[in-house]
Amino acid sequence: MKRSAVLLSWLLFASPALADDAGPEACYDAIVLATIVDQVPSIPPELEDGSILLRWPWFIDLNVEQVIEGEVPPGPLSVLSMQHSYWQADARPGRWALRRNEDGGYNLLDSTGGPKRGRCAPGASPAPAFLYPADGQSLQDMRRAGEELYGSRSAR
């Protein structure tokens, strides 16, 4: 239940301004130079009150070419992102801010051309993940469902 509440709060209230001003996403753990390899939207929840979602969790596969700050392994890295549409994926690498999440992975915060964030303090608690699977489901199950419904946008 707690995870559903966290996800719903991100879906309804997260915005770049809010994320930059306070909360666990106000800092980053790493900045990487990476190319987007694949993008898959998750299936957004149905909102019974007629609300419209502007952003929801996506699965983004990066190829980390260089770690500028922090400690992230170079090479393939799957992350979670909050977005409305596909990023423009081309062969050029971009600078991306990453935040460790409670699921053991990373949340993709944004390209670092936006508002400035500070680096997280050593020992800072991880942020809530942008997406949690339901009981009996995995993130891979959720990714496959999104891929079956929407497809993916691969830069390969």
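These numbers come from a predicted model, not from an experiment.

Engineer: Any chance you could explain the overall build of the chain here in plain terms?
Structural biologist: Scanning the chain from N- to C-terminus turns up three helices and seven strands. If you list the helices and strands of the chain from N to C, you get α-α-β-β-β-β-β-β-β-α. Put simply, the chain has 156 residues, and 38% of those count as buried. For the chain, contacts bridging at least 24 residues in sequence account for 72% of all contacts bridging at least 6.

Engineer: How should I be thinking about the state of the cysteines in this particular structure?
Structural biologist: Simply put, disulfide is the name for a covalent bond between the sulfur atoms of two cysteines. For the structure on display, the rule yields one disulfide. Here C27 is linked by a disulfide to C120, with a sulfur-sulfur distance of 2.0 Å. Because the sign of the S-S torsion sets the handedness, a value of about 90 degrees for the bond joining C27 and C120 places this disulfide among the right-handed ones. One end of the pair, C27, is in strand β1 (residues 27–28); the other, C120, is in the loop between β7 (118–119) and α3 (139–150), with 93 residues separating them in the sequence. By the burial criterion, C27 is buried, and C120 matches it.

Engineer: Looking at this structure, how should I read the packing of aromatic side chains?
Structural biologist: Each aromatic ring pair is described using two quantities: the centre-to-centre distance and the angle formed by the ring planes. Taken as a whole and judged by the stated rule, the model has one aromatic pair. Judged by centre distance (6.1 Å) and plane angle (35 degrees), the ring pair of W56 and W58 falls under tilted. Each member of the pair, W56 as well as W58, carries the same accessibility label: buried.

Engineer: How do you make sense of the nonpolar core when you look at a structure like this?
Structural biologist: Side chains of a nonpolar character, in soluble globular proteins, are inclined to be buried together. By size, the foremost hydrophobic cluster in this structure holds 17 residues, and its most contacted members are L62, V72, V79 and L98. The leading source of residues in this core is strand β3 (residues 56–69), at five residues. Leaving out residues up to four positions away in the same chain, L98 has contacts with Y28, D29, A30, V32, L62, V72, L77, V79, Y106, N107, L108 and L109. Grouped together as the second largest cluster of nonpolar side chains are nine residues, F59, A129, F130 and L131 included.

Engineer: Sorry if this is basic, but what is going on with a nonpolar patch on the surface here?
Structural biologist: On the surface, I43, L149 and Y150 cluster together to form a nonpolar patch covering roughly 300 Å² of accessible area. Considering the arrangement of structural elements, one finds Y150 in helix α3. For Y150, a relative accessible area of 40% puts it in the partly exposed group.

Engineer: Hey, could you run me through the pairing of β3 in this one?
Structural biologist: Across a regular strand the side chains alternate sides, sitting on one face of the sheet and then on the other. One ladder, built from ten bridges, connects strand β2 (residues 30–41) with β3; its direction is antiparallel. Residue pairing across strands places Q39 opposite I60, the latter belonging to β3. As paired strands, β3 and strand β4 (residues 75–83) are joined by nine bridges and run antiparallel to one another. Note on β4: the bridge partner recorded for F59 is L80. In textbook terms, the turn of a hairpin is the stretch between consecutive antiparallel strands, and for β3 and β4 this stretch comprises five residues, one of which, G70, has a positive phi near 90 degrees.

Engineer: Help me understand the environment of E69 in this model?
Structural biologist: Mapping E69 onto the fold places it in strand β3. Here E69 falls in the partly exposed class, since its relative accessible area comes to 27%. Measuring from C-alpha to C-alpha, the distance between E69 and A97 comes to 9.3 Å, with 28 residues separating the pair along the chain. Dropping the residues within four chain positions of it, E69 is found in contact with Y28, D29, A30, I31 and R119. Only 2.9 Å separates the side chain of E69 from the side chain of Y28, close enough to count as a polar contact.

Engineer: I keep staring at the pattern of salt bridges and nothing clicks. Help me out?
Structural biologist: It is possible for side chains of opposite charge to pair when their charged atoms get near one another. Applying the stated rule across the entire model yields five salt bridges. Ionic pairing is found between R100 and D29, a salt bridge with its closest N-O pair at 3.5 Å. One end of the pair, R100, is in strand β5 (residues 94–100); the other, D29, is in the loop between β1 and β2, with 71 residues separating them in the sequence. Look at D29 and you get buried, because its relative accessible area is 14%. For R143, the salt bridge is made with D61, and the minimal N-O distance between the two is 2.7 Å. Note that R143 is positioned in helix α3 and D61 in strand β3, a separation of 82 residues in sequence. There is no split in this pair, since R143 and D61 are both buried. Taken together, the shared-partner salt bridges in this structure form one network comprising D29, R99 and R100.

Here is what the cut-offs are and how they apply
Residues numbered from 1 in each chain as written. Predicted model: local features only at pLDDT ≥ 70, side-chain atom pairs only at ≥ 80, totals over all residues. Heavy atoms only, no water. Helix = DSSP H or I, 4+ residues; strand = E, 2+ residues; numbered from the N terminus. Buried < 20%, exposed > 50% of the residue type's maximum accessible area, 1.4 Å probe, protein only. Contact = heavy atoms within 4.5 Å. Disulfide = S-S within 2.5 Å. Phe/Tyr/Trp six-rings, centres within 6.5 Å; stacked < 30°, edge-to-face > 60°. Core = buried A, V, L, I, M, F, W, Y, C linked by side-chain atoms within 4.5 Å. Patch = residues over 30% accessible without salt bridge, like charges linked within 9 Å, V, L, I, M, F, W, Y side chains within 5 Å. Areas by Shrake-Rupley, 256 points an atom, 1.4 Å probe, with all protein chains shown as cover. Salt bridge = Lys/Arg side-chain N within 4 Å of Asp/Glu carboxyl O. Pairing = 2+ DSSP bridges. Polar contact = N/O pair within 3.5 Å; in protein donor to acceptor, adjacent residues only side chain to side chain.

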